[in-house]
Amino acid sequence: MKDTINMSVSQVFAKNGERYAFVSFTDGKKNAEGKIPECKIISNNGFEKEEITQLEDYMERELARLKRMAAGINVMRAFMEP
């Protein structure tokens, strides 16, 4: 795996009482998307099995921080005028 992987976190979504967010990983050529709080990769394009395990382990270790990041995102703010 490359030394640098870009990561982004979505806003929190809620459906049927379940709250979740998505975490995207990319290194330019490969990309994957995981779902928290399950900490499972749900789509993958190019990462090897060992790399997927590392990404899932990362999400588990950093789950509290990832949840805070997702909670701080308000997509509607982007459409509001200052």
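Data block above holds the structure.
The model shown is predicted, which means the values in this text are computed figures rather than measured ones.

1. Quick notes on the overall build of the chain
Working step 1: Each helix and strand counted, the chain has two helices and five strands in total.
Working step 2: Order of helices (α) and strands (β) in the chain, N terminus to C terminus: β-β-β-β-β-α-α.
Working step 3: The buried share of the chain, reckoned over its 82 residues, is 28%.
Working step 4: Considering only residue pairs separated by 6 or more positions, the chain has 29% of its internal contacts joining residues 24 or more positions apart.
Working step 5: For the chain, the accessible surface area stands at approximately 5900 Å², while carbon and sulfur atoms represent 50% of it.

2. A few points about the side chain of Ser 10
Working step 1: With respect to the secondary-structure elements, Ser 10 resides in the loop between strand 1 (6-9) and strand 2 (13-15).
Working step 2: Among the residues examined, Ser 10 registers a relative accessible area of 18% and is labelled buried.
Working step 3: Here Phe 22 takes part through its backbone nitrogen, which lies 2.8 Å from a polar atom of the side chain of Ser 10.
Working step 4: Not counting residues up to four positions away in its chain, the partners in contact with Ser 10 are Ala 21, Phe 22, Ala 70 and Ile 73.

3. Concerning the pattern of salt bridges
Working step 1: Applying the stated rule across the entire model yields four salt bridges.
Working step 2: Here Lys 30 makes a salt bridge to Asp 27, at a shortest N to O gap of 3.8 Å. Both residues of the pair, Lys 30 and Asp 27, belong to the buried class.
Working step 3: When the shortest N-O distance is used, the salt bridge between Glu 51 and Lys 30 registers 2.9 Å. Taken together, the positions of Glu 51 in helix 1 (residues 49-61) and Lys 30 in the loop between strand 3 (18-26) and strand 4 (31-36) put the pair 21 residues apart, joining distant regions of the chain.
Working step 4: For Lys 30, a relative accessible area of 19% translates into the label buried.
Working step 5: Residues participating in the shared-partner salt-bridge network are Asp 27, Lys 30 and Glu 51.

4. So, the pairing of strand 4
Working step 1: Pairing between strand 3 and strand 4: six bridges, direction antiparallel. Paired with Val 23 across the bridge in strand 4 is Gly 34.
Working step 2: Where strand 3 folds back on strand 4, the antiparallel hairpin that results is connected by four residues, among which Gly 28 adopts a positive phi of roughly 105 degrees.
Working step 3: Bridging between strand 4 and strand 5 (residues 40-45) involves five bridges; their strand directions are antiparallel. Within strand 5, the position partnered with Lys 35 by the bridge is Lys 40.

About the thresholds
Residues numbered from 1 in each chain as written. Predicted model: local features only at pLDDT ≥ 70, side-chain atom pairs only at ≥ 80, totals over all residues. Heavy atoms only, no water. Helix = DSSP H or I, 4+ residues; strand = E, 2+ residues; numbered from the N terminus. Buried < 20%, exposed > 50% of the residue type's maximum accessible area, 1.4 Å probe, protein only. Contact = heavy atoms within 4.5 Å. Areas by Shrake-Rupley, 256 points an atom, 1.4 Å probe, with all protein chains shown as cover. Polar contact = N/O pair within 3.5 Å; in protein donor to acceptor, adjacent residues only side chain to side chain. Salt bridge = Lys/Arg side-chain N within 4 Å of Asp/Glu carboxyl O. Pairing = 2+ DSSP bridges.

Interpretation note: all reported values are geometric properties and have no functional meaning in isolation.
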